[in-house]
Amino acid sequence: MLLAFVAVRLVALEVAGAQEPKPPTPHRPAADAKAPDYQSQIAPLFRKFCAGCHNATDKEGGLVLDDYASLVKGGKRGAALVPSEPNRSRLLLMLAGTSKPKMPPEGNEGPSGDEIALLRA
């Protein structure tokens, strides 16, 4: 029975020219997962952890995190966020410590694992 279902599914995909969807991973949420709301979920994290240095007045590294357009535009080193591509998003790499400089700077509170996961979504 299962084999028949798989065969029918493969034929349907082949006829439609589609590919089997990739399973969700921590870095790629399920296709039906709702993206976080910038104003209510993401902006408060930037205000809490980043706004002290990355605001319209200070612009540390040329990066302003006051609004979504500025976030995508990035700073002196390019885009801070690549939408739907967390592994190419400089901001997320810096939070993870895999890109220099690590953010936030030593001695400053950083986002929790759950908060970083929200930024990755």
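First, a word on scope: everything that follows refers to the structure included in this document. (Residues numbered from 1 in each chain as written. Predicted model: local features only at pLDDT ≥ 70, side-chain atom pairs only at ≥ 80, totals over all residues. Heavy atoms only, no water.)

In this section: unusual backbone geometry. A cis amide bond links Lys-100 with the next residue in sequence, Pro-101, at an omega value of -5 degrees. Within the secondary structure, Pro-101 is located in the loop between helix H4 (90-96) and helix H5 (113-120). In this structure, Pro-104 follows Met-103 across a cis peptide bond, with omega equal to -10 degrees. Mapped onto the elements of the fold, Pro-104 is located in the loop between H4 and H5. Despite not being glycine, Lys-59 has its phi angle at roughly 45 degrees, a positive value. The topology assignment puts Lys-59 in the loop between helix H2 (38-49) and helix H3 (68-73). For Lys-59, a relative accessible area of 45% corresponds to the partly exposed category. (Helix = DSSP H or I, 4+ residues; strand = E, 2+ residues; numbered from the N terminus. Buried < 20%, exposed > 50% of the residue type's maximum accessible area, 1.4 Å probe, protein only.)

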